[in-house]
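What the coordinates show
The residues making up each chain are set out below.
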Amino acid sequence: MTSGTQTMNKNTILNVEHLSMRFGGLMAINDLSFQVKRGDITALIGPNGAGKTTVFNCITGFYKPTMGMITLTQRGGGQYLLERLSDFEITKQAKVARTFQNIRLFGGLTVLENLLVAQHNKLMKASGYTVMGLLGLGSYKREAEAAIETARQWLERADLIDRADDPAGDLSYGAQRRLEIARAMCTGPELLCLDEPAAGLNPKESLALNVLLNGIRDETGTSILLIEHDMSVVMEISDHVVVLEYGQKISDGTPDHVKNDPKVIAAYLGVEDDEVEEVIHEELDGSAH
Amino acid sequence: MANSPVTTSEDSSGLMAKAIKEGLFAGLLAFGMFLLYVGIETYQNIDNKLVWRTRWGLLAIFVIASALGRFLVVGFIKPHIDRRKLAKAKAGIPEISSEKGFFHTHFLKIALVALVLYPPLAIMLSGVQGSLKFVDNFGIQILIYVMLAWGLNVVVGLAGLLDLGYVAFYAVGAYSYALLSDQFGLSFWILLPLAGILAAFWGIILGFPVLRLRGDYLAIVTLAFGEIIRLVLMNWTEVTGGTAGISGIAKASVFGIYSFDVGAPNNFAKAFGLPMSSAYYKIFLFYVILGLCMLTAYVTMKLRRMPIGRAWEALREDEIACRSLGIDTVKTKLTAFAIGAMFGGFAGSFFAARQGFVSPESFVFLESAVILAVVVLGGMGSLTGIAVAAIVMVGGTELLREMEFLKHVFGDDFTPELYRMLIFGLAMVVVMLFKPRGFVGSREPTAFLKERKAVSGSFTKEGHG
Amino acid sequence: MEYFIQQLLNGLTLGSIYGLVAIGYTMVYGIIGMINFAHGDIFMLGGFAALIVFLILTTFLAGIPVALALLVMLIVAMLVTSLWNWTIERVAYRPLRGSFRLAPLITAIGMSIVLSNFIQVTQGPRNKPIPPLVNDVYHFGDVTISLKQILIVLVTSVLLFVFWYIVNKTPLGRAQRATEQDRKMAALLGVDVDRTISITFIMGAALAAVAGSMYLMYYGVASFADGFIPGVKAFTAAVLGGIGSLPGAVLGGLLIGLIESLWSAYFSIAYKDVATFAILAFVLIFKPTGILGRPEVEKV
């Protein structure tokens, strides 16, 4: 595990600077700055209502931030100012994919079709924006087969291969979560943003999720930014943790650093630090093993 | 009709008491509802003054029929259905068997062959002149609706955008053909694609500002656009001929080789030494519209398997998820709108060539409603279901025109045509109540790894717009 | 200037009628999220009920005071259309509640076709003219106000107040608002959801009947086809004002009435409906939830 560096360098994929988001009179995010390192799993944690999902929505373009700059640097060196792009352009051009807190699958499409929809832009190009494909010209047929192959690989990784031809709405909750991640990966992202991927999962499913996420990081080199409540997931898989409270950053560093930060403990328990420090220690230690 | 809980006891006397009670209530309700409208008839007398007379007999029939109907439903029909359902559930037989028979798997081919053979069969059975009715009133009429409904299906069934003004594009196609053939003397085969392109163009123009709207707001704006186009056609008299419309529209020809104009030297009947009849033109038109339908079906099926078609369906399921996957939803909606409009334009120019006459009367909201009803009754997205719905709904109401024998039953004042739309409306309600997802509720997946399994209608969504 | 004021008054009158019908659309939409396409035809039924009652009254009670006749017409029309709307909701909409969203829309369109054709079949396709009920007019300079215009605006205002009171101040209104917010939760908290929805339909029908009767009084003619165009305009009014909002429906109705009469007066009668629909499209493009509608926050 590496310690979080605050300087911008080539290894930084996402740089959030002075991000603020105001809803009417409510300051949901207030002057937030943090960085996501390439190849890391970075976790964004904080109590309910801290503004985590709002940060996600700003990064992925579903909200326009009131202030601030979000810079994404691709492996090839290309830079994008995400606050200037619309939601679909962020996925299409900047290569940022996301999942949703309340799973958003295409329930009436099959599992396989869900993954094919995710490869839309690639396939549109290959089909000559439909015209060539309709006439049976060009490379569409080959690309369509390649897309199914990509989908198959992700289905195997997500352990969904047996359900490929079933409607996505028919999957169990845990399987839906994995499918949503697999679908996001089919867009070929450099940064994957996961909104509470472990919420509502049983321990077994949670474990499968950890394996999937570690696999994504290690084998595809995709950086991951995730929001999580489940401390066992956070402590086990993340390389870097950013803690939010009331729209502001209160701590930032390695999991070890963060879990010993008195401010974090206070934020989570809302009581005097020393009173509960021991308790939280035990709890975190217990869940980490 | 009180909202009483379902009784599980087999106590038949209790059931009868309930049936009688509900029957009486229904009778009373019917009395209140029909007293003024059925019990009293208003008419103008010789002085053009509005007067009234009573129709107690008819009112009594309405009331008794309602009471008896409700009594039978509560007392006999509903318990019977419940018992059957219960028996089925006990036996453990799934409601839909997954096995498909020969007819089912080859349905499309069989249907196509039947349609190709339909005109010769009609001639064989009722002669050249007699076949006119079958080919024109049933064949062409139904196929036009099939085509329109398949076109609207792209917008509503696949992309999930509720369009209540589809008839506008039908009108654009029809007037494009009528005006351009009149002004420039261009032939049907040039104007057909042109009408489609113009309609698609209108689809984009109208769609661009409004596709950001969601759900019912989109519905009302499309309805408004449909009405605007109709009103402009009605009032822009210098160009469109106003309410009188445009008549004497040129007929389509067999690709310019044979003509159907009576005086033309290359007249079809003359060229083949056949007796003069308007039936040949109708039979030709039947094959033209059949071809257009096939084209619509082919393009729709092909597009569903392409990224754009999948994006449409994904859009219907969840627009936000689409955007998170990098899909430009505005462009995707616009293409659905434009392609749907294009098919409407094709159908419109065909309509103009068939009628030889267009007027705003043909493009009222009711037409949009009928087309939408066919799409929903058929089962959104399903080409087969929609075709079946068109046959049942349009063919069924056409059939009413033919029911002259009813005059002998109900007397000479009885005009079955008057009841055509009344029955159409009732059928819409009844079919929806029994099959809310239409005749074919499931959807065929567009790709599969191991086996193609139909997706049950309970998973698919209906879109937000 | 007098001409302008005159047109303003005409627009206000027409707008009041549209507003009354629009409330029915907006209440039903608010509570079950459905476009009740048959509502325009309920309005038409109301007009016909008033017409028939008027004919009966003038036959049997020739010397009846006009005010009393109007009152009887209104009450009977309200009762009859309420019965119809209650039954329609019960038979054609309730079984489909919670099912596929387009299904109730299609049954509503079906019902609309059924109702207009039912009247066409039972009462004949011709326009039904009645002699004018209220003839008095008052002159203020060049501006003419007829008593029927005053009556229409007055009745509308009174009814609006009554309905506003019911929705905002009574337990019934609270049940309606709760059902609107969250039907399941309302049911769990003891609100009789079915009954509340039924009452909403009855209220909408009663208002439509009043509007239908006044339309008959204003124009002196009824026709089976009268449900569609005023119905669509009233729905347009509801959407323009922000569907689901009661004041929005009235505001939308008044706006549509004004646009219609001013456009006819200054531009062309032929294109008055085009103007109405074009302004609707225009407003929605810039304010996608209508003038008084709550902005829809996209939940991600």
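Numbers given to residues run from 1 along each chain, matching the order in which its sequence is written. Chain letters start at A and ligand numbers start at 1, both assigned in the order the entries are written. Side-chain atom pairs in this predicted model are given and counted only at pLDDT of 80 or more, local residue features only at pLDDT of at least 70, and totals for whole chains, interfaces and linings cover all residues. The side-chain quantities take in all heavy atoms of the structure and omit both hydrogens and water.

Once that is clear, we can look at the overall build of chain B. Helical segments are the DSSP runs of H or I of at least four residues, strand segments are the runs of E of at least two, and each set is numbered from the N terminus. Secondary structure assignment for chain B yields 17 helices and 4 strands. Reported as C-alpha extents along the three principal axes, the dimensions of chain B are approximately 80 × 70 × 50 Å. Remark: exposure states derive from per-residue accessible area (1.4 Å probe, protein chains only) relative to the maximum for the residue type, with buried under 20%, exposed over 50%, and partly exposed in between. Residue burial in chain B is summarised as follows: out of 465 residues, 52% are buried. Long-range contacts, defined as pairs at least 24 residues apart, comprise 69% of the intrachain contacts of chain B with a sequence gap of at least 6. The accessible surface values rely on the Shrake-Rupley method and a 1.4 Å probe; as for residues, cover is taken only from the protein chains in view. Surface accessibility of chain B: about 21,000 Å² in total, with carbon and sulfur atoms responsible for 68%. In this analysis, two residues are considered to be in contact whenever any of their non-hydrogen atoms come within 4.5 Å of each other.

Here we take up the environment of Gly244 of chain C. With respect to the element layout, Gly244 of chain C can be found in the loop between α9 (228-241) and α10 (246-266). Residue contacts for Gly244 of chain C: discarding those within four places in its chain leaves Thr26, Gly30 and Glu180 of chain C.

Moving on to the sheet that holds strand β1 (residues 12-23) of chain A. All names here are of chain A. Reading across the sheet, the 4 strands line up as β2-β1-β4-β5 and stay open at both edges, with antiparallel pairing between neighbours. Two strands bound the open sheet, and with one partner strand each, they are β2 (26-37) and β5 (79-81). Pairwise comparison of adjacent strand axes, ignoring direction, gives a mean angle of 15° for this sheet. The pairing of β1 with β2 spans 8 bridges and is classified as antiparallel. Bridge pairing in β2 places Arg22 opposite Met27. Paired strands, in this sense, are two strands between which DSSP finds at least two bridges. Only the contacting stretch of a helix is used when fitting its axis, a line to C-alpha atoms as for every element, and angles between N-to-C directions run 0 to 180 degrees.

Glancing now at helix α8 (residues 203-220) of chain A. All names here are of chain A. To estimate the expected span of a helix, count its residues, drop one, and scale the result by 1.5 Å. The first and last C-alpha atoms of α8 sit 25 Å apart over 18 residues, in line with the 26 Å expected at 1.5 Å per residue. Turning to α8, its buried residues number three or more, namely Glu205, Ser206, Leu209, Asn210, Leu212, Leu213, Gly215, Ile216 and Arg217. On the buried face of α8, the contacting elements are β3 (41-45), α6 (140-157), α7 (173-185), β7 (191-195), β8 (223-227) and α9 (231-237). Phi turns positive, to about 70°, at Gly221, one or two residues after α8.

Attention shifts here to the sheet that holds β3 of chain A. All names here are of chain A. Strand order in this open sheet of 6 strands is β6-β7-β8-β3-β9-β10, and the pairing throughout is mixed. Strands with a single pairing partner mark the edges of an open sheet, and in this sheet they are β6 (96-98) and β10 (248-253). For this sheet, the mean angle separating the axes of adjacent strands, direction not counted, is 20°. The pairing of β3 with β8 spans 4 bridges and is classified as parallel. From the neighbouring strand, Leu44 faces β8, where its bridge partner is Ile227.

A few words on the domain arrangement of chain B. Either an automatic procedure or a domain database provided the assignment from which the domain bounds are taken. Looking at the assigned domains, one finds that chain B contains domain 1 (12-91) and domain 2 (120-402 + 435-459). Computed from C-alpha atoms alone, the centre-to-centre distance between domain 1 of chain B and domain 2 of chain B is 39 Å.

Once that is clear, we can look at the pairing of β10 of chain A. Residue and element names in this part refer to chain A. For strand β9 (residues 240-245) and β10, the ladder comprises 5 bridges, and the chain directions are antiparallel. Bridge pairing in β10 links Val241 to Gly253. Between the antiparallel neighbours β9 and β10 lie 2 residues, among them Tyr246 with a positive phi of about 50°.

Take the confidence of the model for chain B next. Residue and element names in this part refer to chain B. The quantity known as pLDDT measures the predictor's confidence residue by residue, on a range of 0 to 100. Residues of chain B with pLDDT of at least 70 account for 91%, and the chain-wide mean is 83. Across chain B, helix α13 (residues 329-355) holds the top mean pLDDT of 92, while helix α3 (residues 102-105) sits lowest at 64. The low-confidence segment residues 1-9 (pLDDT under 50) makes 14 contacts with residues lying over four places distant or belonging to another chain. The ipTM, which scores confidence in the relative placement of chains, is 0.87 for this predicted complex, and the corresponding pTM is 0.86.

A few words now on unusual backbone geometry. Residue and element names in this part refer to chain A. Non-glycine residue His18 carries a positive phi angle of around 50°. Mapped onto the secondary structure, His18 falls in strand β1. The phi angle at Asp159 is positive, at roughly 60°, despite the residue not being glycine. Looking at the element boundaries, Asp159 is found in the loop between α6 and α7.

Further remarks concern the confidence of the model for chain A. Residues with a pLDDT of 70 or more make up 87% of chain A, whose mean pLDDT is 81. Ignoring residues within four places in sequence, the model shows residues 1-7 of chain A, a span with pLDDT below 50, making 16 contacts including any to other chains.

Turning to the interface of chain C and chain B, a few remarks are in order. Note: interface size is frequently given as the accessible area lost on complex formation between the parts. On the side of chain B, 72 residues touch chain C, which itself brings 78 residues to the contact. Here chain C meets chain B over a buried area of about 6,300 Å², counting both sides, of which 74% is carbon and sulfur. Two parts lose some accessible area (1.4 Å probe) when they are put together, and adding that loss for both gives the buried area. Of all residues in chain C, Phe100, Arg101 and Ile106 of chain C bury the most surface against chain B, accounting for 11% of the area lost on that side. Salt-bridge detection follows one rule: a side-chain nitrogen of Lys or Arg within 4 Å of a carboxyl oxygen of Asp or Glu. The interface formed by chain C and chain B includes 0 salt bridges. Whenever a nitrogen or oxygen atom comes within 3.5 Å of another N or O atom, the pair is scored as a polar contact, on the condition that within protein one atom can donate a hydrogen and the other can accept it, and that pairs from neighbouring residues in sequence are kept only if both atoms are in side chains. Taken together, chain C and chain B are joined by 9 residue pairs in polar contact (both at pLDDT 80 or more). At the level of elements, α2 (39-60), α3 (66-93), α4 (102-123), β1 (128-129), α9 and α11 (272-286) of chain C are the ones that each hand at least two residues to the side of chain C that touches chain B. For the side of chain C that touches chain B, the element with the most residues is α4 of chain C, which contributes 17 residues.

Any two rings among Phe, Tyr and Trp, with Trp reduced to its six-membered ring, count as a pair given centres within 6.5 Å; such a pair is stacked if its planes are under 30 degrees apart, edge-to-face if over 60, and tilted if neither. Evaluated as defined, the whole model comprises 32 aromatic pairs over all chains. Measuring from centroid to centroid gives 5.6 Å for Phe286 of chain B and Tyr287 of chain B, while their planes differ by 85°, and the two rings are edge-to-face. Using a relative accessible area of 33% as the deciding quantity, one classes Tyr287 of chain B as partly exposed. Ring pairs connect the aromatic residues Phe34, Tyr37 and Phe62 of chain B together with Trp84 and Phe118 of chain C, which therefore count as one cluster. Geometrically, a charge over a ring is one whose NZ (Lys) or CZ (Arg) sits within 6 Å of the ring centre while staying within 35 degrees of the ring normal. Of note, Arg104 of chain A hangs over the ring of Phe100 of chain A, and the distance from its end group to the ring centre comes to 5.6 Å.

What follows covers the interface of chain A and chain B. Chain A puts 42 residues into the contact, and the matching count from chain B is 35 residues. Together, Phe88, Leu134 and Asp165 of chain A form the three largest contributors to the area buried by chain A at its contact with chain B, with a combined 18%. Salt-bridge contacts for Arg323 of chain B lead to Asp87 of chain A; the nearest nitrogen and oxygen are separated by 2.5 Å. Linking chain A to chain B there are 10 residue pairs in polar contact (both at pLDDT 80 or more).

Before going further, it helps to examine a nonpolar patch on the surface. Residues and elements named next belong to chain B. Taken together, the side chains of Phe184, Leu186, Ile190, Leu194, Leu198, Phe201, Trp202 and Ile205 present a nonpolar region at the surface, about 720 Å² in accessible area. Ranked by residue count, the leading element in the nonpolar patch is helix α6 (residues 188-210), at 6 residues. Here Phe184 lies in helix α5 (residues 167-184). What makes Phe184 exposed here is its relative accessible area of 58%. Nonpolar side chains (Val, Leu, Ile, Met, Phe, Trp, Tyr) within 5 Å and like charges within 9 Å form the patches, drawn only from residues with over 30% relative accessible area and no salt bridge.

Only a pair of cysteine sulfur atoms within 2.5 Å counts as a disulfide in this structure description. Counted under the stated rule, the structure contains 0 disulfides over all chains. Just so you know, Cys322 of chain B is unpaired, no disulfide at all, and the nearest cysteine sulfur is the one on Cys186 of chain A, 15 Å from it. Assessed through its relative accessible area of 0%, Cys322 of chain B is described here as buried.

Let's shift gears to α4 of chain C. Residues and elements named next belong to chain C. Taking 1.5 Å per residue, 22 residues should reach 32 Å; α4 reaches 31 Å between its end C-alpha atoms and fits that length. Where burial is concerned, most of α4 is hidden: 21 out of the 22 residues are buried. Looking at the residues trailing α4, positive phi occurs at Gly124, about 90°.

In this description, a nonpolar core means a group of buried Ala, Val, Leu, Ile, Met, Phe, Trp, Tyr and Cys residues linked to one another through side-chain atoms lying within 4.5 Å. If you look at the biggest cluster of nonpolar residues, it comprises 292 residues, and the most contacted ones within it are Tyr37 and Leu372 of chain B together with Trp84 of chain C. Residue contributions to this core peak at 17 residues, all from helix α4 (residues 107-158) of chain B. Residues from two domains meet in this core; each of domain 1 (12-91) and domain 2 (120-402 + 435-459) of chain B gives at least three. If we ignore the near neighbours within four places in the chain, the residues touching Tyr37 of chain B are Arg55 of chain B together with Leu45, Gly46, Phe48, Ala49, Ile52, Val80, Trp84, Phe118, Ile119, Thr122 and Gln123 of chain C. In this structure, Phe56, Leu72, Leu85 and Ile90 of chain A belong to the second largest nonpolar core, which totals 30 residues.

Mapped onto the elements, Ser245 of chain C comes out in the loop between α9 and α10. Discounting chain neighbours no more than four positions away, the residues touching Ser245 of chain C are Thr26 and Leu292 of chain C.

With that settled, the discussion passes to the environment of Met214 of chain C. Residues and elements named next belong to chain C. Relative to the helices and strands, Met214 resides in helix α8 (residues 193-219). The sequence separation of Met214 and Met111 amounts to 103 residues, and the corresponding C-alpha distance is 23 Å. Apart from residues no more than four positions distant in its own chain, Met214 is found in contact with Ile17, Leu20, Ile152, Val155 and Thr156.

All chains considered together, the criterion is met by 33 salt bridges over all chains. Among the ionic pairs, Glu260 of chain C bridges to Lys272 of chain C, the shortest N-O distance being 3.7 Å. On the criterion of sequence distance, the pair formed by Glu260 of chain C in helix α10 and Lys272 of chain C in helix α11 is long-range, its members being 12 residues apart. By relative accessible area, which is 21% here, Lys272 of chain C ends up partly exposed. Sharing partners across several salt bridges, the network here consists of Glu113 of chain A together with Arg304, Glu313, Arg316, Glu317 and Arg443 of chain B.

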